[in-house]
Amino acid sequence: MSIEEMMITVKPESLQVSLNEIFAVDREAKLVRWLDEGMGLIRLRVGYEQVITALRKRPPIFLQHVFPVCDTLTLEQSVDEDLQQILGAVQAQVALLDKSKSFSIQTRITQPKQSRFKRFDINRVVSEWLQAEGYALDVKNPEQVVSIVVDSEQAYVGISRTADNLSSWAGGHHRFKHEEEQISRAEFKLLEAIEAFDIQLPSRGLALDLGASPGGWTRVLLQRGFHVFAIDPADLHPSLRKNHNCKHFKQTAQVFLPNQAEADFDLLVNDMRMHVRESVDLMLEAADVLKPGAYAIMTLKLRKKQGLKVIEQAVSHLQKKYQVLRVKELFHNRSEVTLLLQK
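Since the model is a prediction, treat every value here as computed from it, not as a measurement.

1. Some thoughts on the overall build of the protein chain
Phase 1: Helix and strand counts for the protein chain stand at ten helices and 15 strands.
Phase 2: The C-alpha atoms of the protein chain give 23 Å as radius of gyration, which agrees with the globular expectation for 343 residues (20 Å, within 12%).
Phase 3: Burial status across the protein chain gives 52% buried among its 343 residues.
Phase 4: Considering only contacts within the protein chain whose residues lie at least 6 apart along the sequence, 68% involve residues at least 24 apart.
Phase 5: Of the roughly 17,300 Å² of accessible surface on the protein chain, 47% is carried by carbon and sulfur atoms.
Phase 6: For the protein chain, the distance from the average position of its 44 positive side-chain charges to the average position of its 44 negative side-chain charges is 5 Å.

What follows is the structure, encoded as structure tokens:
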């Protein structure tokens, strides 16, 4: 079966650059319409499999989430009839599911407050039938996903491998539980980067956190067993001052780095709010204190109207000392992208 439509989710501030990532793969693709803020229906010319193969080879920066639209349904007024119609669409496409692999249901309703469906109505009906047929439900780590988007008049149903959706979270909306000890929301950026990039960090070692204050990223690294050199002239959160695995240098990174003679660090992180070129230059200098093969995670802060060209220039300069493994606008990024580098 040739699939000719796909659903995409993008950040509202990155609409055009996200669409361009689709158009780069399929020049004749068309945006049918936006169903919701940042969620659009795309009609393809070359077919979904060709598009997703290209996206696997060159992961996009701005697209947050995609799935193939296998069926489009016109909804009636009866909730029970609509639920059975959606279930029927899944039943008709069930051959696309691999019984040896786990699944989950990801449902998004564009106007949940006005919807006739309760929050888990669709998930319950579809998952109960699939489990009765012998499919294994795994909500947290599914290998394949039944995706369902519902607006006021229509439902869109798709089945795909989780790895092909660009994110295992519905719409790419990656959520983390707030912890009482959390220092800042910036921690979510580092947590998401580690998970989204599938980074296998060492269980211990020495990490360098540039621009550490108030200490959110430092706290995340301490939790993972690192000793951390936190570099920032500003104070760290009081909870970090009594941690013997954290050493705070109350100075700028520009003062600290020239005084480090050895390549001692197993990991480098940088979430500093700096001009892109200054941030890149700092990372190039910091590469000299990293051990060979060590990872570096950084954010590039983008100003309005700065986009792909600025990112490409930054990547070109960083490649003087790093292999640039991934560049991604993560769910928790705000006017920035996150980079995974390796010395």
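2. A word on the sheet that holds strand E9 (residues 205-210)
Phase 1: The seven strands are arranged E11-E10-E9-E12-E13-E15-E14 in an open sheet whose pairing can be described as mixed. Lying at the two open borders of the sheet, with one neighbouring strand each, are strand E11 (246-249) and strand E14 (323-328). Ignoring which end each strand starts from, the neighbouring axes of this sheet average 15° apart.
Phase 2: Both strand E10 (residues 226-231) and E11 contribute to a ladder of four bridges, which runs parallel. The residue of E11 that forms the bridge with Val228 is Cys246.

3. Thoughts on the sheet that holds strand E2 (residues 30-36)
Phase 1: Spatial strand order, E2-E3-E1-E4: four strands in an open sheet with antiparallel pairing. A strand with exactly one partner marks an edge of an open sheet, and here the two such strands are E2 and strand E4 (65-68). Neighbour-to-neighbour, the strand axes of this sheet turn through a mean angle of 25°, independent of strand direction.
Phase 2: Sheet topology places strand E1 (residues 5-9) next to strand E3 (residues 39-43); five bridges connect them, and they run antiparallel. Note that in E3 the partner of Met7 across the bridge is Leu41.

4. Digging into the pattern of salt bridges
Phase 1: Under the criterion given, the structure shown has 17 salt bridges.
Phase 2: A salt bridge links Lys321 to Asp288; the nearest nitrogen and oxygen atoms lie 3.1 Å apart. Highlighted residues: Lys321 in the loop between helix H10 (308-318) and E14 and Asp288 in the loop between helix H9 (276-286) and strand E13 (290-301), separated in sequence by 33 residues.
Phase 3: The partly exposed category is assigned to Lys321, whose relative accessible area is 36%.
Phase 4: According to the relative accessible area criterion, Asp288 is partly exposed, its value standing at 47%.
Phase 5: Between Glu336 and Lys301 there is a salt bridge, and its shortest N-O distance comes to 2.5 Å. You can see Glu336 sitting in strand E15 (residues 336-342) and its partner Lys301 sitting in strand E13, a full 35 residues away along the chain.
Phase 6: Its relative accessible area of 8% is what places Lys301 among the buried residues.
Phase 7: By sharing partners, the salt bridges in this structure join Lys189, Asp271, Lys301 and Glu336 into a single network.

5. Some details on the environment of Val126
Phase 1: When you line up the elements, Val126 lands in helix H4 (residues 121-132).
Phase 2: Along the backbone, Val126 and Ile105 are 21 residues apart, and their C-alpha atoms lie at a distance of 7.7 Å.
Phase 3: The contacts of Val126, once residues within four sequence positions are left out, are Ile86, Leu87, Val90, Ile105 and Ile148.

6. What about helix H1 (residues 15-23)?
The periodicity of an α-helix, 3.6 residues per turn, causes residues three or four places apart in sequence to face the same way.
Phase 1: Turning to H1, its buried residues number three or more, namely Ser18, Leu19, Glu21 and Ile22. Take H1 and look down its axis: the buried residues cluster within an arc of 150°, on one side only.
Phase 2: Turning to H1, the residues buried within the fold contact E1, E2, E3 and helix H2 (48-57).

7. Describing the pairing of strand E6 (residues 103-109)
Phase 1: Most of E6 sits out of view: six of its seven residues are buried.
Phase 2: Note: E6 against strand E7 (residues 144-150), seven bridges, orientation parallel. Residue pairing for E7: Ile105 is matched across the bridge by Val146.
Phase 3: In the classification by handedness, the crossover that spans E6, the intervening H4 and the parallel E7 is left-handed.

8. Examining the packing of aromatic side chains
Phase 1: Summed over the entire model, instances satisfying the criterion amount to five aromatic pairs.
Phase 2: Between the aromatic rings of Phe229 and Phe249, the centroid separation amounts to 5.0 Å while the plane-to-plane angle is 45°, which identifies the pairing as tilted. Of the two residues, Phe229 sits in strand E10 while Phe249 sits in strand E11, which places them 20 residues apart along the sequence. Take Phe229 and Phe249: they sit in the same class, and that class is buried.
Phase 3: The interplanar angle of 75° and the centroid separation of 5.4 Å between the aromatic rings of Phe229 and Phe265 together place this pair among those described as edge-to-face. Of the two residues, Phe229 sits in strand E10 while Phe265 sits in strand E12 (residues 265-270), which places them 36 residues apart along the sequence. Assigned by exposure class, Phe229 and Phe265 land together as buried.
Phase 4: Among the aromatic residues, those joined into a cluster by ring pairs are Phe229, Phe249, Phe256 and Phe265.
Phase 5: Lying across the ring of Phe117, Arg116 places its NZ or CZ 5.5 Å from the centre.

Cut-offs applied
Within each chain, residue numbers correspond to sequence positions counted from 1 in written order. The predicted nature of this model means local features are confined to residues of pLDDT at least 70 and side-chain atom pairs, given and counted, to a pLDDT of 80 or more, with totals for whole chains, interfaces and linings taken over all residues. Only hydrogens and water are removed before side-chain values are computed, so all heavy atoms of the structure are retained for them. Each helix corresponds to a stretch of at least 4 residues labelled H or I by DSSP, and each strand to a stretch of at least 2 residues labelled E; elements are numbered beginning at the N terminus. The size measure is the radius of gyration over C-alpha atoms, and the globule rule it meets is 2.2 Å times the number of residues to the 0.38 power. Burial status follows relative accessibility: with a 1.4 Å probe on protein chains alone, a residue under 20% of its type maximum counts as buried, one over 50% as exposed, and anything between as partly exposed. Contacts are assigned to residue pairs that have any heavy atoms within 4.5 Å of one another. Note that accessible areas follow from Shrake-Rupley with a 1.4 Å probe, and for residues the cover is restricted to the protein chains shown. A positive count includes Lys and Arg, and a negative count includes Asp and Glu. His and the chain ends are not counted in either. Working definition for charges: the position is that of NZ of Lys, CZ of Arg, CG of Asp or CD of Glu. Two strands are counted as paired when DSSP detects at least two bridges linking them. A fitted line through C-alpha atoms represents every axis, and for helices the fit uses only the stretch in contact; the resulting angles, taken between N-to-C directions, go from 0 to 180 degrees. Any carboxyl oxygen of Asp or Glu within 4 Å of a side-chain nitrogen of Lys or Arg constitutes a salt bridge here. The directions from the helix axis to the C-beta atoms are what the arc is built from. Crossover handedness is defined here as right-handed if the route from the first strand over the helix to the second strand goes clockwise, with the strands pointing away from the viewer. When two rings of Phe, Tyr or Trp (its six-membered ring) have centres within 6.5 Å they constitute a pair, described as stacked for plane angles under 30 degrees, edge-to-face for angles over 60, and tilted for the intermediate range. The rule is short: NZ of Lys or CZ of Arg within 6 Å of the ring centre and within 35 degrees of the ring normal puts a charge over the ring.

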